[in-house]
Amino acid sequence: MKLLIINDNLLEGGAEIYVKNLIKILLDKKHDVRLITFDNDFESKIEKYDINHDIITNIKHNKLDKIKFHKKLYLKLRQYIDEFSPDKIIVNNLFASPFTQYRALEGYDAYQVVHDYHFICPKSTCIKSDYEICSGYKENCFKNCKYHKSKFLLKIKEMQTKKLENIRKKHIKKFISPSDCLKKYLYNYGYNVVCINNPVDVDKFKYVDYKKINELRIYTYVGMINERKGIFKFLDAFKAFSLNNNVILNIIGKCSTENDELILNKYLNNKKINYIGKISNDDVLLKLKDSNFLIVPSLWMENYPTTVIEGMLTKNLILGSNRGGIPEMLINEQTMVFDILNKMKRQIRINTCRHNATMHYLNNYGYIPLWILVKVLSFGMVCELFTILK
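The structure displayed is predicted, hence computed values, not measured ones.

1. Structural notes on the overall build of the chain
Line of reasoning, step 1. Along the backbone of the chain there are 16 helices and 13 strands.
Line of reasoning, step 2. The proportion of buried residues among the 390 residues of the chain is 55%.
Line of reasoning, step 3. In the chain, the proportion of contacts linking residues at least 24 apart, taken out of those at least 6 apart, comes to 67%.
Line of reasoning, step 4. As displayed, the chain has an accessible area near 18600 Å², and 50% of this comes from carbon and sulfur atoms.

Below, the structure is given as structure tokens:
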């Protein structure tokens, strides 16, 4: 089968990891695969990409393309699509020039993997200004959420959101959500959607040894560093928790803004906090192999974070907030769910040190079982994907 995959960036975050894993699996299954990106930093990233570069085409764009139709860009994209003439198109993030990108799909069977809540929320977070969960723009969030101070720009954003919704539904045959939580949101907004969990490159984890729990316990956070990711609230809890415990916290990722960097620096005088910064995914996995606990304290509505699966595969105990798709991933003794807003400090301490079932398994066997991942990590997920490509 000839399959075309489209995504804005080549290397960046979760969506890009998903795309790479999917391409590897499809190539392994002997499908004819091509990738189109719209990455203005393509030249600096391509050498780090460990997939055949010949299957990749990059199209550059400008900032204004985000808000208008660009005929020249459309003709170029359409030419690439028509020359390859794919049986199916799988699109992911389309932010570079959405009005252009969606229109170029006309006449082809196109399916879109939705990686966050931006279809229904202008901030992509689905949380209100007080961090309570929101149901999307139908809840009048353009006025209530104070997304922008300018009423004129708010109105423009609202019109753009609704117009893009109509364009998506016109040109995309079916939408794919990695989590049941996002699937329910999209269904309520009239999207034709199914849930298929993200594929994972399990070969990277074949030689991960079982871990013994030592006196020093290593916590790891992986992700963007900002308030909506919950890392600052967790750091408040960790500050008190670490005083009388032999623990270290590794923070991996980059700050979203200069203000986030200033906030983070206030915590770094704690010698038990180690800020590593942004590193490659392979280096992240090396850090996780030495870690005991993976922290996912998000305040916003996460979809199906790949980091959680990577944490499980590297035999970390996962501590996740009760937001978005996180709870549905954390369903056995290798995982704990906590209320990020109300009881973080108390429950982190309980979940990691006093939870009888989990600590019994760790103390008596020295490792955490991985049977939970049989379905999630199976390449059968890709077979399930193909059942809806019709």
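Let us keep going from here.
2. Some remarks on the pairing of strand β1 (residues 2–7)
Looking down a regular strand, the side chains alternate between one sheet face and the other.
Line of reasoning, step 1. Of all six residues in β1, five are buried; the element is thus mostly enclosed.
Line of reasoning, step 2. Read as a crossover between parallel neighbours, the route from β1 over helix α1 (residues 14–28) to strand β2 (residues 32–37) is right-handed.
Line of reasoning, step 3. Summarising the sheet, β1 and strand β4 (residues 88–91) pair through four bridges and their orientation is parallel. Bridge pairing in β4 places I6 opposite V91.

3. Some details on the sheet that holds strand β7 (residues 193–195)
Line of reasoning, step 1. The strand order across the open sheet formed by seven strands is β3-β2-β1-β4-β5-β6-β7, and the pairing between neighbours is parallel. Edge strands, defined here as strands with exactly one partner in the open sheet, are β3 (56–58) and β7. Adjacent strand axes in the sheet meet at a mean angle of 25 degrees when their direction is disregarded.
Line of reasoning, step 2. Of the strand pairs in this sheet, strand β6 (residues 174–177) and β7 are connected by three bridges, and their pairing is parallel. Pairing of S177 across the sheet is with C195, part of β7.
Line of reasoning, step 3. Of the strands in this sheet, β1, β2, β4 and β5 (110–113) touch α1, which is tilted by about 170 degrees from β1.
Line of reasoning, step 4. The strands that helix α7 (residues 180–188) touches are β6 and β7; relative to β7, the one it contacts most, it runs at about 170 degrees.

4. Some points on the packing of aromatic side chains
The geometry of an aromatic ring pair is captured by two quantities: the separation of the ring centres and the angle between the planes.
Line of reasoning, step 1. On inspection of all chains with the given rule, the structure shows ten aromatic pairs.
Line of reasoning, step 2. Clustering of aromatic rings is evident, with ring pairs tying together Y219, F234, F238 and F293.
Line of reasoning, step 3. Across from the ring centre of F69, 4.5 Å away, lies the NZ or CZ of R103, which sits over that ring.
Line of reasoning, step 4. Positioned above the aromatic ring of Y74, the side-chain terminus of R103 is 5.5 Å from the ring centre.

5. Remarks on the pattern of salt bridges
Line of reasoning, step 1. Counted under the stated rule, the structure contains ten salt bridges.
Line of reasoning, step 2. With a closest N to O distance of 3.1 Å, K88 and D109 form a salt bridge. With K88 in strand β4 and D109 in the loop between α4 (98–103) and β5, this residue pair connects regions lying 21 residues apart in the sequence.
Line of reasoning, step 3. Classification of K88 as buried rests on a relative accessible area of 10%.
Line of reasoning, step 4. Using a relative accessible area of 28% as the deciding quantity, one classes D109 as partly exposed.
Line of reasoning, step 5. Here E165 makes a salt bridge to K169, at a shortest N to O gap of 3.0 Å. Here the residue E165 and the residue K169 both occupy positions in helix α6 (residues 151–171), the gap between them amounting to four residues, near one helical turn.
Line of reasoning, step 6. Beyond isolated ion pairs, a larger network of salt bridges with shared partners links K20, K24 and D50.

6. Here's the deal with the nonpolar core
Line of reasoning, step 1. Ranked by internal contacts, the top residues of the largest apolar core, which has 43 residues, are I6, I81, I89 and L105.
Line of reasoning, step 2. The set of elements that each furnish at least two residues to this core consists of β1, α3 (71–84), β4, α4, α6 and α7.
Line of reasoning, step 3. Broken down by element, this core gets its largest block of residues, five residues, from α3.
Line of reasoning, step 4. I81 has contacts with L4, I36, P86, I89, A104, L105 and Y108, leaving out every residue within four places of it along the chain.
Line of reasoning, step 5. Listed in part, the 22 residues of the second largest apolar core include I5, L22, I46 and V194.

7. Quick look at the environment of D290
Line of reasoning, step 1. You can see D290 is positioned in the loop between α10 (281–289) and β11 (293–296).
Line of reasoning, step 2. Judged by relative accessible area, which is 58%, D290 ranks as exposed.
Line of reasoning, step 3. Spatially, the C-alpha atoms of D290 and R217 are 9.8 Å apart, while their sequence positions differ by 73 residues.

8. Some words on α1
One turn of the α-helix equals 3.6 residues, which is why residues spaced by three or four share an orientation.
Line of reasoning, step 1. Its 15 residues give α1 an end-to-end C-alpha distance of 21 Å, which sits within 8% of 21 Å, the value for a rise of 1.5 Å per residue.
Line of reasoning, step 2. Listed in full, the buried residues belonging to α1 are A15, E16, Y18, V19, K20, N21, L22, I23, I25 and L26.
Line of reasoning, step 3. Of the residues flanking the end of α1, it is K30, one or two places downstream, whose phi is positive at about 70 degrees.

9. Some points on a nonpolar patch on the surface
Line of reasoning, step 1. A cluster of nonpolar side chains, F152, L153, I156 and M159, forms an exposed patch at the surface whose accessible area comes to about 410 Å².
Line of reasoning, step 2. Along the chain, L153 falls in helix α6.
Line of reasoning, step 3. We classify L153 as partly exposed; its relative accessible area is 40%.

10. Side note on the side chain of H118
Line of reasoning, step 1. By secondary structure assignment, the location of H118 is in the loop between β5 and α5 (141–144).
Line of reasoning, step 2. Here H118 falls in the buried class, since its relative accessible area comes to 13%.
Line of reasoning, step 3. Of the polar contacts made by the side chain of H118, one reaches the side chain of D116; its length is 2.5 Å.

Parameters and conventions
Residues numbered from 1 in each chain as written. Predicted model: local features only at pLDDT ≥ 70, side-chain atom pairs only at ≥ 80, totals over all residues. Heavy atoms only, no water. Helix = DSSP H or I, 4+ residues; strand = E, 2+ residues; numbered from the N terminus. Buried < 20%, exposed > 50% of the residue type's maximum accessible area, 1.4 Å probe, protein only. Contact = heavy atoms within 4.5 Å. Areas by Shrake-Rupley, 256 points an atom, 1.4 Å probe, with all protein chains shown as cover. Right-handed = clockwise from strand over helix to strand, strands pointing away. Pairing = 2+ DSSP bridges. Axes fitted to C-alpha atoms, helices over the stretch in contact; angles between N-to-C directions. Phe/Tyr/Trp six-rings, centres within 6.5 Å; stacked < 30°, edge-to-face > 60°. Lys NZ or Arg CZ within 6 Å of the ring centre and 35° of its normal. Salt bridge = Lys/Arg side-chain N within 4 Å of Asp/Glu carboxyl O. Core = buried A, V, L, I, M, F, W, Y, C linked by side-chain atoms within 4.5 Å. Expected span 1.5 Å × (residues − 1). Patch = residues over 30% accessible without salt bridge, like charges linked within 9 Å, V, L, I, M, F, W, Y side chains within 5 Å. Polar contact = N/O pair within 3.5 Å; in protein donor to acceptor, adjacent residues only side chain to side chain.

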